[in-house]
Amino acid sequence: MNLHEYQGKEILSSFGVRIQRGIVAQNAQEAVAAAKQLTEETGTGWHVIKAQVHAGGRGKGGGVKLAKNLQEVETLAGQIIGMDLVTPQTSAEGKRVHQVLVAEDVYYPGDSETEEYYMSVLLNRGTGRNMIMYSTEGGMDIETVAEETPHLIFTEEVDPAVGLLPFQARKIAFNLGLSGSAFKEMTKFVMALYTAYVKSDSSLFEINPVLKTSDDKILAVDAKVTIDDNALYRHKDYVDLRDIREENPIEVEAKEVGLNYVDLDGNVGCMVNGAGLAMGTMDLIKQAGGDPANFLDVGGTADAARVEAAFKIILKDPAVKAILINIFGGIVRCDRVAQGVIDAYKNMGNIEVPIIVRLQGTNADVAKELIDNSGLDVLSATEFQEAADKVQEVLA
Ligand code: GDP
Ligand code: MN
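Residues numbered from 1 in each chain as written. Chains lettered and ligands numbered in written order. Predicted model: local features only at pLDDT ≥ 70, side-chain atom pairs only at ≥ 80, totals over all residues. Heavy atoms only, no water.

K.L.:
Kindly report on the overall build of the protein chain, identifying the contributing residues and their values.
P.N.:
The helix and strand inventory of the protein chain stands at 13 helices and 18 strands. With the C-alpha coordinates aligned to their principal axes, the bounding extent of the protein chain is approximately 80 × 50 × 40 Å. Sorting the 396 residues of the protein chain into buried and exposed places 47% on the buried side. Entry remark: accessible area of the protein chain is about 18,700 Å², with carbon and sulfur atoms responsible for 51%. (Helix = DSSP H or I, 4+ residues; strand = E, 2+ residues; numbered from the N terminus. Buried < 20%, exposed > 50% of the residue type's maximum accessible area, 1.4 Å probe, protein only. Areas by Shrake-Rupley, 256 points an atom, 1.4 Å probe, with all protein chains shown as cover.)

Okay, structure coming up:
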């Protein structure tokens, strides 16, 4: 589950990570009230107005603006709320902004220069350990840093048996070129950040930039936080943080009916039982010259109702030109699934895309007979390759 910046920062703060303070606002009036409150609490005269959407690169797209007085807060918040923000990480249509974070300006002048760093916490799947990835090149696109100056990206792996050790946090602060009180602040920041990552059951923290202020405070200016969905049951208070306006509407609907669905760019809809078979099926479609329109695992109970629900979800994607149903009948019998497909097809009436069905496993022969004799425009296949060839045929 992805979070908005303001939500991510709240979680960080709850574990003692210092953040750029802010208040979320739904409209220009709320933004002004938020700015006033922040001035009272922090003494800040300037505020940053930050679009809250699930996409990075907001600054580049005009979604982060500095306001030097309350009039500017009102104007900028009014402009940003309601806009379709286009960033390097959104589609060309952009993302509609529903709310802004009004934050204290933390780039104020002082005794030293401000510095921006990059820091993320994530799982290294290669070693099975969490790691902290960090760089002196903060505020920029980390992909660009990785491409052009990979030697400026450091990683620190954490031994799960002992957790992050203080010497590791000091090493990070040292590699970032810090000394004095900024060094101490950074070690505290890193320790708190790692604790927050583990305790919140997150799968990604990306803080870009981590800021060293001109008076040597270290704080999170941005926060990209992804909570592990599978651990959400342990964090009842995080469940409400989901903002479905930010999610793919077809995926949201699929989730509601209990289907495991991921929207993709291609034109061949897939209905498969089991995640592994779904992956294999997507490879097969690629090999046949097609492109999967989705990943869809209908799970172990592929009865008529479920098959129909899956059909409906797949057909919501206008790009779908053919549907490949690839089901292995282990616990579920193939003839049941075949009947489900036939019933769903009849119920839905106007399915206009060709459907290729491959049913293998228990009662596969009965299933094939059912499909072949149904009188419907459904092509049946027994072998994997045969199914692929039929997909190719109908797409040609
Ligand atoms: P992103 O563009 O979506 O990654 O959003 P960020 O939260 O990282 O903000 C983008 C940029 O806005 C940062 O890299 C900063 O340069 C700038 N910014 C953020 N907060 C402040 C602030 O308090 N004052 C000033 N002057 N600039 C800020
Ligand atoms: Mn950022």
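K.L.:
So what's going on with the domain arrangement of the protein chain? Which residues, and what values?
P.N.:
Note: interface size is frequently given as the accessible area lost on complex formation between the parts. Along its sequence, the protein chain is organised into domain 1 (1-19 + 109-247), domain 2 (21-105) and domain 3 (249-395). Between the C-alpha centres of domain 1 and domain 2 the distance comes to 22 Å. Listed by partner, the interface residues are 13 residues for domain 1 and 14 residues for domain 2. Taken together, domain 1 and domain 2 are joined by 4 salt bridges. A salt bridge links Asp 222 to Arg 58, with the nearest nitrogen and oxygen atoms 3.0 Å apart. Our count for the contact surface shared by domain 1 and domain 2 stands at 9 residue pairs in polar contact (both at pLDDT 80 or more). (Domains from an automatic or database assignment. Contact = heavy atoms within 4.5 Å. Salt bridge = Lys/Arg side-chain N within 4 Å of Asp/Glu carboxyl O. Polar contact = N/O pair within 3.5 Å; in protein donor to acceptor, adjacent residues only side chain to side chain.)

K.L.:
Help me get a handle on the pairing of strand S6 (residues 100-104), residues and values and all.
P.N.:
On a regular strand, one side chain projects to one face of the sheet and the next to the other, so that they alternate. Of all 5 residues in S6, 5 are buried, a share of seventy percent or more. Looking at chain direction, strand S1 (residues 22-25) and S6 are connected through 4 bridges and run antiparallel. If you follow Ile 23 over to S6, its bridge partner there is Val 102. Two strands pair when backbone bridges link them, and strand S2 (residues 47-51) and S6 are joined in this way by 5 bridges, in the antiparallel orientation. (Pairing = 2+ DSSP bridges.)

K.L.:
Residues and numbers for the coordination of the manganese ion (ligand 2), please.
P.N.:
Metal coordination angles have textbook ideals: 109.5 degrees for a tetrahedral set of four donors and 90 or 180 degrees for an octahedral set of six. Distances from the manganese ion (ligand 2) to its protein donors, Asn 208 (O) and Asp 222 (OD), fall within 2.2 Å. Of this pair, Asn 208 sits in strand S10 (residues 202-212) while Asp 222 sits in the loop between strand S11 (218-220) and strand S12 (224-227), and the two are 14 residues apart along the sequence. Each member of the pair, Asn 208 as well as Asp 222, carries the same accessibility label: buried. (Donors = N, O, S within 2.8 Å, 3.2 Å for Na, K, Ca; no water.)

K.L.:
Could you give me a rundown of the sheet that holds S1, with the residues and numbers involved?
P.N.:
Read from one edge to the other, the open sheet built from 4 strands follows the order S1-S6-S2-S3, with strand pairing classed as antiparallel. Two strands lie at the open edges of the sheet, namely S1 and strand S3 (64-67), each paired on one side alone. The average undirected angle you get between the axes of adjacent strands in this sheet is 25°. Against the sheet, helix H1 (residues 5-14) contacts S1, S2 and S6, and its axis sits at roughly 50° relative to S6. Across the sheet, helix H3 (residues 70-80) touches S2, S3 and S6, and the angle it forms with S3 is around 165°. (Axes fitted to C-alpha atoms, helices over the stretch in contact; angles between N-to-C directions.)

K.L.:
Residues and numbers for the side chain of Gln 99, please.
P.N.:
Among the secondary structure elements, Gln 99 is positioned in the loop between strand S5 (95-96) and S6. Separated by 3.0 Å, the side chains of Gln 99 and Gln 26 make a polar contact. Not counting chain neighbours up to four residues away, the residues in contact with Gln 99 comprise His 4, Tyr 6, Val 24, Ala 25, Gln 26, Lys 50, Ala 51, Gln 52, Ile 81, Asp 243 and Arg 245.

K.L.:
Quick rundown of the layout of surface pockets? Include the residues and the values.
P.N.:
One number sums up the size of the second largest pocket: a volume of about 200 Å³. Within the lining of the second largest pocket, the residues separate by chemical class into 4 nonpolar, 4 polar and 5 charged. The residue makeup of the lining of the second largest pocket includes at least three contributed by each of domain 1 (1-19 + 109-247) and domain 2 (21-105). (1 Å grid on protein atoms, 1.4 Å probe; cavity = no way out; pocket = protein on both sides within 12 Å on 5 of 7 lines; lining within 4 Å. Points joined across faces, edges and corners; volume = space filled by probe spheres on them. Nonpolar A, V, L, I, M, F, W, Y, C, P; charged D, E, K, R; others polar.)

K.L.:
Which residues make up the nonpolar core, and what are the values?
P.N.:
Of all hydrophobic cores here, the largest spans 38 residues; its most connected members are Leu 12, Met 119, Ile 132, Met 186, Phe 189 and Leu 193. Looking at this core, the elements with two or more residues in it are H1, strand S7 (115-124), strand S8 (129-135), helix H5 (166-175), helix H6 (180-199), S10, S11 and S12. If one sorts the elements of this core by residue count, H6 sits on top with 9 residues. Beyond its immediate sequence surroundings of up to four residues, Leu 193 is in contact with Leu 12, Val 17, Met 119, Val 121, Phe 205 and Ile 207. Within the second largest apolar cluster, 34 residues are counted, among which are Val 298, Ile 313, Val 337 and Ile 351. (Core = buried A, V, L, I, M, F, W, Y, C linked by side-chain atoms within 4.5 Å.)

K.L.:
Summarise helix H8 (residues 249-256); cite the residues concerned and give the values.
P.N.:
All of the buried residues along H8 are Ile 250, Val 252 and Ala 254. Against the buried residues of H8 lie strand S13 (260-263) and helix H10 (304-315). The distance from a side-chain oxygen at the start of H8 to the backbone nitrogen of Ile 250 is 2.8 Å, and the residue carrying that oxygen is Asn 248. Directly beyond the C-terminal end of H8, a positive phi value near 80° is found at Gly 258.

K.L.:
Describe in detail the UniProt feature "binding site: substrate" (unreviewed entry) in the protein chain, supporting the description with residues and values.
P.N.:
Listed under "binding site: substrate" (unreviewed entry) in the UniProt record, and renumbered for this structure, are Asn 273, Gly 330, Ile 331 and Val 332. Sequence-wise these annotated residues cover 60 residues; spatially they are packed, their C-alpha atoms never more than 11.0 Å apart. Residue position: Val 332 is located in the loop between strand S16 (322-329) and helix H11 (334-348). For Val 332, a relative accessible area of 13% puts it in the buried group. (UniProt positions renumbered as here; feature names shortened; annotations may be inferred.)

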